[in-house]
Amino acid sequence: MRPIRLHMENFGSFRAATDVDFAEVDYFALVGATGAGKSTVIDAVCFALYGSVPRWGKENVVAYALAPSAASGKVALVFEVSGRRYAAVRTLLRDAKGTVRTKEARLDLLDPSIPADADLVELTATSRPVAEGEQVAAEVAQVTGLEYKFFTQCVVLPQGRFAEFLHATPSDRQDLLVQLLDADVYEQVRKAAVAEESRQNQAAEFARGELSRLHDADEKAEEAARERAAALHALSERVGADLEELRALDEAATTADAERVTVLRALAQLGALALPGEVPGLAESARRATGRAETAAREQARLDTLEEQAEAELEALGDQTALTRELADLTDRTRRTAEAEAARAEADTVTAQLAEAAEALAAAFRDYEEADRHLTKTRIAHTAADLARTLTPGDPCPVCHQVVAALPGNDGPAKESAQGVGPRHGGSEPQGSGLPAGRQVGAGRGVHDAHGLPGVSDAHAASPGQRVGVRHVVSAADELAAAERRLAAIREKGQQARTRHDGLAAKAELLTARARELAATPPPDPERAAVIGELLAAIEQAAGKVASIRRDAREARRVATQAVRAVEEARRKAEQAWRDLNAARDTVAAFGPPPLDPGDVHAAWTTLLAWRDEAAAVRRRDAEAAEARFEQARGSAQEARRALAERVAEHGVTVNPGDRMGEQVARAAAQADERLARVREARERAADLAGRVAAHEGEARVAHELALLLRANQFERWLCAEALELLVAAASETLKDLSDGQYELVLGGRGDIEVVDYAEAGLRRSARTLSGGETFQASLALALALSDQVAGLAAAAARSLDSIFLDEGFGTLDPATLDTVAATLEKLASGHERMIGVVTHVPALADRVPVRFEVSRDASGSHVRKVVR
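Residues numbered from 1 in each chain as written. Predicted model: local features only at pLDDT ≥ 70, side-chain atom pairs only at ≥ 80, totals over all residues. Heavy atoms only, no water.

So, on to the overall build of the protein. Per the secondary structure count, the protein includes 19 helices and 17 strands. Taking all 869 residues of the protein together, the buried fraction comes to 38%. Surface summary for the protein: the accessible area is close to 47300 Å², and the carbon and sulfur share equals 52%. (Helix = DSSP H or I, 4+ residues; strand = E, 2+ residues; numbered from the N terminus. Buried < 20%, exposed > 50% of the residue type's maximum accessible area, 1.4 Å probe, protein only. Areas by Shrake-Rupley, 256 points an atom, 1.4 Å probe, with all protein chains shown as cover.)

As structure tokens, then:
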């Protein structure tokens, strides 16, 4: 494990975020005043990896990690192991109760290609999670090869625990060496040997099973297979000769059969010659078709002439379309003239009705005005009567403000209506109602009169003198209601008269405009219409005639076409008959038919058929002779084939119908060879399996012996003892240098480390008897030996201690010893194979270290500054 970058934030005395850059550093010193926080840097390395710090006294204690006044903190360590780069990160949190706990712990695999001197963000930008939570410490132990307790004895040697390895019991030292040396790999080898023994035993058992399943793998089986193969090969050679003889017989039979078939085919060809049924009547059919074609042509020419004449007559009569359009125009003008007359008559009628409607409307207006005047008078009378019932003698009148001398009398509503109802003021009477004319038509009851007074209210109390006025008011109110109803009826009637009048006026205007529009149309010419009608009738008749002639002409052309086709068909049949005759003659041309007369196809057929009968008689006699030769040749071939089949069957070869006997026998011989090869292969396989059984059994015995050796209880103890002996020897050389030859380290009889004191005549005593400074020298020598020798002692080549941190007071050393320690550390660091870090207060040692991390502390916490000489 080699640190690259350490980040602390609120860890211990480091409050502010602090980065410690170990990149490219092989030998450094942490220097500063007591309590500045030098050991806290080493603590942060341990805490980031394992979540614990040695000097806190107990594992998994995190309360001391977080600064007292901080609520959260963080420690991150970027380090490399065996060429792989990791980041261990732990985040701390203080909850509401003040308890400090680990909020997050993770181990990430980083990209090693990023430069080691890059900032922390860039270093951790590309990462892959490896472990989280409680698994981080176990994974770190797996990656570094050291558990926490051994890490603090080999890599980090904290204050007060520098001599733990020196004073450890033999069993504790053995546990450490087992981890450092990867001694558990031998247990893995033992387990692999056990597994290998089982695998080899299984392989041997499998080979024995394969051997037991092999059949016909002996010499007797091979001899039988060899004899059958030889017999079948001999049979194959003899069958070849027999098949050649059989092939000759088959060829003779085939030749005889071919001759027979040739004669029979010739007979069949001759027998296929037959006179076609239409040949005798072909000449007469051609003559009749030619006569019908000539007659149809003459009829077609006559009708074509008639068609041309009829079309010329039709064209002379004029353009039917133009005449039809002109006649339609005359008809339309006649219709429009009639419509104009009807529109004028209807307009006159509507005009007369309009005058009547105007008179009715005027009468309605007069009735309305009269009813309105009557309603106005009635309303005035009603208002006066309503006012009279509110008057009191001696009070001022609300209209004229004169004193009321007496109430109105019992003259009745009619009289008051005519004279006006009102109080008598100071003996004088009003000359009229004083109401303005032109009241709004249709006003209802209860409206104010001209004086703005309200109508009658039944809620008022009436005195005896007022009851007469009340009767007058009731009568006036009834008359007013009747007048209002009459006015409403007259108004409705007037409205209807107005609606009818307006409708008739609009209709009269529309009809008048229509009549004027139609009157602009020119008058039609009756004589021209008659002439056009006669021309159209003549055109229709002429068109019918043309159509009839055209139909007759088309029919004539159809008949003529059919007649020509009939002539062509007769000619084609005649030509086809000659082609058929020549083709039939060609089928028997090999038999020498006679020449034929080209003038008459029927006569030519007759000559050919006569020749056919003579030639067929000759061919029938040849066929009988060929049949006899074929039967004889086929019988000889069948007898030879039967004898060959019996000979093949004697050798156990089955020939199925359709198979070729020679190939079947050759296949049987090949199968016999394959059988012989399989027997020989089986014998070789058996020998190989027997050898494999022996080899697997031997391998199993070797694996068994190895497992027994590695299973011995003394092996691990012996291995660790040998390693410890080498470590003590290497540490002894270093201690000699440090003690100026006074001390050596040796192993005691029980595995304890003892000191040989040459100042006391080589006295051997326990290392526990050394003084503090001497113990430091011995512990340092062992620590350096561990760091230097572990890579060579480990079973796994990758195991190595890439760094060592010494947190111990070097002030106990005298100047000469200090110089020796410094030289030893410089020599160890000069190989650039491991990082050496020391925590010291001794200026003489610090000045010799090439890189110093100066740790200081103020009110805000601890700080680190890197100084390179």
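It is worth spelling out the sheet that holds strand S13 (residues 763-766) at this point. Strands sit in the order S11-S12-S13 across an open sheet of three strands; the sheet is antiparallel. One side of each edge strand has no neighbouring strand; the edge strands of this open sheet are strand S11 (743-747) and S13. The mean inter-strand angle of the sheet, taken between neighbouring strand axes irrespective of direction, is 35 degrees. Here strand S12 (residues 753-757) pairs with S13 via four bridges, running antiparallel. Considered in S13, the bridge of glutamate 754 is made with serine 766. (Pairing = 2+ DSSP bridges. Axes fitted to C-alpha atoms, helices over the stretch in contact; angles between N-to-C directions.)

Once that is clear, we can look at the packing of aromatic side chains. Under the criterion given, the structure shown has nine aromatic pairs. Ring plane angle 40 degrees and centroid distance 6.3 Å describe the contact between phenylalanine 11 and tryptophan 56, whose orientation is recorded as tilted. Linking phenylalanine 11 in the loop between strand S1 (2-9) and strand S2 (18-21) with tryptophan 56 in the loop between helix H1 (38-50) and strand S4 (72-81), this pair joins segments that are 45 residues apart in sequence. Ring pairs connect the aromatic residues Phe11, Phe47, Trp56 and Tyr64, which therefore count as one cluster. (Phe/Tyr/Trp six-rings, centres within 6.5 Å; stacked < 30°, edge-to-face > 60°.)

The next thing to look at is helix H14 (residues 601-650). Helix length check: H14, at 50 residues, gives a terminal C-alpha distance of 70 Å against a target of 74 Å (1.5 Å per residue), a fit within 8%. Among the residues trailing H14, glycine 652 stands out with phi positive, at a value near 80 degrees. (Expected span 1.5 Å × (residues − 1).)

Here we take up a negative patch on the surface. On the surface, a cluster of negative charge is made up of Asp19, Glu24, Asp117, Asp119 and Glu122. By the element assignment, aspartate 119 lies in the loop between strand S6 (100-110) and helix H2 (120-123). (Patch = residues over 30% accessible without salt bridge, like charges linked within 9 Å, V, L, I, M, F, W, Y side chains within 5 Å. Salt bridge = Lys/Arg side-chain N within 4 Å of Asp/Glu carboxyl O. Lys, Arg positive; Asp, Glu negative; His and termini not counted. Charge placed at Lys NZ, Arg CZ, Asp CG, Glu CD.)

Looking now at the side chain of lysine 38. When you line up the elements, lysine 38 lands in helix H1. A polar contact is formed between the side chain of lysine 38 and the backbone oxygen of glycine 32, at a distance of 3.2 Å. Of note is the side chain of lysine 38, whose polar atom sits 3.1 Å from the backbone oxygen of alanine 33. Here lysine 38 is in contact with Leu30, Val31, Gly32, Ala33, Val839, Thr840, His841 and Val855, once residues within four sequence places are set aside. (Polar contact = N/O pair within 3.5 Å; in protein donor to acceptor, adjacent residues only side chain to side chain. Contact = heavy atoms within 4.5 Å.)

It is worth spelling out the confidence of the model for the protein at this point. Chain-level pLDDT for the protein is 77 on average; 84% of the residues reach the 70-or-more range. In this model, residues 410-465 is a region of pLDDT below 50 whose contacts with residues beyond four sequence positions or in other chains number 81 contacts. Scored below 50 in pLDDT, residues 794-799 makes 16 contacts in the model with residues more than four places away or belonging to other chains. (pLDDT = per-residue confidence, 0-100.)

Moving on, we get to the pairing of strand S17 (residues 861-868). In this sheet, S17 lies alongside strand S16 (residues 851-858) in antiparallel orientation, the contact comprising eight bridges. Paired with phenylalanine 853 across the two strands is lysine 866, which belongs to S17. Between the end of S16 and the start of S17, which pair antiparallel, lie two residues.

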